[in-house]
Each structure stands twice: as C-alpha cells, then as structure tokens.
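Geometric and topological summary
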Amino acid sequence: MSTAVTAPLLRITDLSVAYGVPRRGVGLGTGAALRGASLEVHPGEIVGIIGETGSGKTTLARATVGLTTPAGGTIEFDGRDLTSLRGRDLRDFRRQGRIQLVFQDPLRSLDPDLTVARLVGEPLEVAGGLDATARGERTERALREVGLDPGAVRDRRPGELSGGQRQRVSLARAIVTEPRLLICDEPVSALDVSNRNLVLNLLDRLRRDLGVAVVIIAHDLSSLAGIGDRVAVFYRSRLVEQGPLREVLTRPAHPYTALLVASAPSLGERSAIRPADVRVDRGTAGAADPGRCVFADRCRFAFADCAIQPPQLEVGERWSAACHLAARWSGEATDNTHTPPAHTGTRAKGER
Ligand code: SF4
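A short tour of the structure in this document, coming up. (Residues numbered from 1 in each chain as written. Predicted model: local features only at pLDDT ≥ 70, side-chain atom pairs only at ≥ 80, totals over all residues. Heavy atoms only, no water.)

**As for the overall build of the protein**
Assigned secondary structure in the protein consists of 13 helices and 12 strands. Counting only residues that meet the buried cut, the protein has 51% of its 352 residues in that class. Residue pairs in contact within the protein that sit at least 24 positions apart in sequence constitute 65% of those at least 6 positions apart. Only carbon and sulfur atoms are counted for the fraction: they give 48% of the accessible area of the protein, which is about 15900 Å². (Helix = DSSP H or I, 4+ residues; strand = E, 2+ residues; numbered from the N terminus. Buried < 20%, exposed > 50% of the residue type's maximum accessible area, 1.4 Å probe, protein only. Contact = heavy atoms within 4.5 Å. Areas by Shrake-Rupley, 256 points an atom, 1.4 Å probe, with all protein chains shown as cover.)

Encoded structure:
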C-alpha cells in the first residue's frame, strides 16, 4: 500500500535500551539490548521486525508498549512522545489500549480460568467508559471480526480451544479496544500451516477493514509471506536494514539480510549478494568491539572501513542499511552471476 503522504503513526528515533538498567541517561557501555534504532510505522501498514533471539526486536516491542524503559531516544505515537509520559498520564494511555501487544503463546498469556467472553471483554473493563451491555456487544463484534462464532466459544476456556482458536481469541482481546497499532510477537510460530495462513490473512484483513497498523515480530522472513509492506532487520542489538519488503527481498542492501533471504528461497528473487558469499561461521568480534560493524565477524566483504559501525545509509525511498557497501548491493544488477566487490583491506575472521 502507498503510505508516502501519510504521517507516521509510530516514530521511533535513536532508541537505545540497556540490559537490566531500567533508567534513562545511564549510558549503554557494552550491555545494550538495543542500540540507536530509528523506524516509522504508518497507518494501515504491516511491518515485519525480523531477527534472531537476542537481536533487539522484542526489546523494541516491549519499549514501545511501555514494558521496558529506554536508556535514550524517543517513541512518538500519533504525534505524542510516549517516553515523556509519567504516572497517571502513562497509566491512562495504557488503559486506552491504543497500542496492543499480542503474545506468542496464547496458552500462557490467557488466564486459563476465565471464559472467552471474560478474556476478550477484560480490556474494555480496564479502559472504563462502557456499561456491561455495550461491553458485551463490543466483545461479540471482536470475536466475529476474528472469525469466531460468539455463541460457540463465549463460555469456553482457553484449554478447551484449538491452537488457532486461542490465537484468534488473543487477537479479539487485542482489537476489542479498537487499537491503532497491533504488535504481534511471533504470532504464527506455534501454529500449523493452515492456522498460520488463517492468522496471517486475518491480520491482513484487520489492517484493510479497520485501518490498524500491524507490527509482526518474527525470526524469519517467511512469517511475512504475502502480507508484509515493510521489513526491519535486526542483528545483535542493531537495526541493520529497513525498507519496502519487495525491494529488500529482491535486492537486500545488507549481507545479513541476504543471508535471511537465502534461508527463505521461496521468498527471495535475485540478489546481488550470493548466498555462498554470506554463508560464514558465527563469530563474536562484533559483540566484543561495539565500535566495529556488528556483522564484521561473519562478513566476507569486511574491509578496513568496517572497523567502524556504519550509520544507516539511504539506498531508496524509506529504505536504508547499516553497511558501508549498501548502495553497491542495492544498486547492482540483480542477477545471481554478479561478482562481489574485491576486498580493499583487512579480512574478517574466517575469511579464506
Ligand atoms: S559494513 Fe563491512 S563488515 Fe559490515 S556488513 Fe557491510 S561490508 Fe560487511
């Protein structure tokens, strides 16, 4: 979808989060869960946040919903700086449910003793302002929105539902407050193929019918199959590439993204970076030396400049990558016969 003329719904600027230090302004040192991430989500967009465990993607989500306090940076939602909210203002904002988080495992996140009607209606009770009749109507509407028959599931408990039904109950609970942003943490990773497609199609329909923006946090690009507009790729606490999904899949501008694309061959088309070029051993130098490019220890293209972490370099409209060679990768001929650039300096560990 085209979002070029809309203002961002969510604007995250230079966000950093320190491990185990829930205060602002204390510095990161080497203990960063997230370093200097900036990204935007526009109304009605589906944005994938992709990365392995510990890459910073879940930290970003938790900071956005106020579960983690940033060490630096800002989070603006609908023009309002959430990082400046305190006390009652913060509690009021949370109660309104304008941003909702959908957890990976509904069996653990849903109270097993509550019925579906109570589970879905609970956020409305917390928000206040509606009587019991209005809450009941909104609850039934939310269940229908996610494809569940209220009469069939209203009185059942999570343990009496299938995995797909439970995930849909989680979604109904999330949309009942009519949020503008849904953040879904691995929403389909525990589901079989048919339920996975069902939930992804449902998210796509919610953004079309209700205009909700959706952030999907996942390990692999295939979780965005067919529905993502944009993607942001994280590696070792850093945002390494973000851009339109189709372009990123076709011409990844960062070697780590190319590695992910190569891992999901049904999604990738043609890349200037050949899978063989980025199939290297895991290393630790990026973590040990925070000034160095975070991917240098795994990258066959590392050269002298990579001793310094590159900033996000623009390679297209709302498309950037933290690689000194980003423009080369995204601008090269998009066929698999392309030869990568020659090294101009030191080689990364493991390079032959
Ligand atoms: S900046 Fe250098 S080491 Fe880092 S990904 Fe780019 S080429 Fe590889």
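That covers the picture; the talk isn't over yet.
**Quick notes on the site of the ligand**
Around the ligand, the neighbouring residues are His254, Pro255, Cys293, Ala296, Cys299, Phe301, Ala302, Cys306, Pro310, Cys323, His324 and Leu325. Of the residues in the shell around the ligand, the class split is 10 nonpolar, two polar and no charged. (Near = heavy atom within 4 Å. Nonpolar A, V, L, I, M, F, W, Y, C, P; charged D, E, K, R; others polar.)

**Overview of the packing of helix α4 (residues 116-127) against helix α7 (residues 163-175)**
Orientation of α4 relative to α7, taken along the N-to-C sense of each, is 30 degrees, at an axis distance of 7 Å. Here α4 lies roughly parallel to α7, going by the angle between them. Like other packed secondary-structure pairs, α4 and α7 cross with a definite hand, here right-handed. The residues of α7 that touch α4, namely those facing Val116, Leu119, Val120, Glu122 and Pro123, are Val169, Ala172 and Arg173. (Axes fitted to C-alpha atoms, helices over the stretch in contact; angles between N-to-C directions. Parallel < 35°, antiparallel > 145°, perpendicular 65-115°, else oblique. Left-handed = near helix turned anticlockwise from the far one by under 90°.)

**Let's talk about helix α8 (residues 193-210)**
For α8, with 18 residues, the first-to-last C-alpha span of 25 Å sits near the 26 Å given by 1.5 Å per residue. What α8 keeps buried is the set Asn195, Val199, Leu200, Leu202, Leu203, Asp204, Leu206 and Arg207. Buried-residue contacts for α8 involve β3 (46-50), α5 (132-145), α7, β7 (181-185) and β8 (213-218). The N-terminus of α8 is capped by Asp192, whose side-chain oxygen sits 2.9 Å from the backbone nitrogen of Asn195. Just downstream of α8 lies Gly211, where phi reads positive at about 75 degrees. (Expected span 1.5 Å × (residues − 1). Polar contact = N/O pair within 3.5 Å; in protein donor to acceptor, adjacent residues only side chain to side chain.)

**Looking at the pairing of strand β4 (residues 72-77)**
Across five bridges, the pairing between strand β1 (residues 10-18) and β4 is antiparallel. Note on β4: the bridge partner recorded for Leu10 is Phe77. Inspection of the sheet shows β4 paired to strand β5 (residues 80-81) by two bridges, in the antiparallel sense. Bridging from a neighbouring strand, Glu76 pairs with Asp81 of β5. In sequence, β4 turns back onto β5 through a hairpin of two residues, with Asp78 there showing a positive phi of about 55 degrees. (Pairing = 2+ DSSP bridges.)

**Points about the nonpolar core**
One finds Val120, Leu171, Leu182, Leu203, Ile216, Val231 and Tyr256 to be the most contacted residues of the largest nonpolar core, which totals 65 residues. Ile12, Val17, Val41 and Ala232 belong to the second largest nonpolar core, which has 31 residues in total. (Core = buried A, V, L, I, M, F, W, Y, C linked by side-chain atoms within 4.5 Å.)

**Re the packing of α7 against α8**
Where α7 contacts α8, the two axes come as close as 10 Å, and the packing angle between them is 15 degrees. Classified by the interaxial angle, the pair formed by α7 and α8 is roughly parallel. The hand of the α7/α8 crossing is right-handed. Packed against α7, whose contacting residues are Gly164, Gln167, Arg168, Leu171 and Ile175, the element α8 presents Asn195, Leu198, Val199, Leu202, Leu203 and Leu206 at the interface. Tallied by class, the residues present in the contact of α7 with α8 amount to seven nonpolar, three polar and one charged.

**Examining unusual backbone geometry**
With a phi angle near 55 degrees, Glu178 is a residue other than glycine that sits in the positive phi range. Among the structural elements, Glu178 can be located in the loop between α7 and β7. For Glu178, a relative accessible area of 41% corresponds to the partly exposed category. In this model, Arg236 sits at a positive phi of 45 degrees, which is unusual for a non-glycine residue. By the element assignment, Arg236 lies in the loop between β9 (230-235) and β10 (238-244).

**Describing the pairing of β3**
Along a regular strand, successive side chains alternate from one face of the sheet to the other. Burial analysis of β3 places five of its five residues in the buried class, which makes it a mostly covered element. In the sheet, β3 pairs with β8 via five bridges, with the strands oriented parallel. In the strand pairing of β8, Gly48 is matched with Ile216. Note: β3 against β9, four bridges, orientation parallel. When the sheet's bridge partners are listed, Ile49 is paired in β9 with Ala232.

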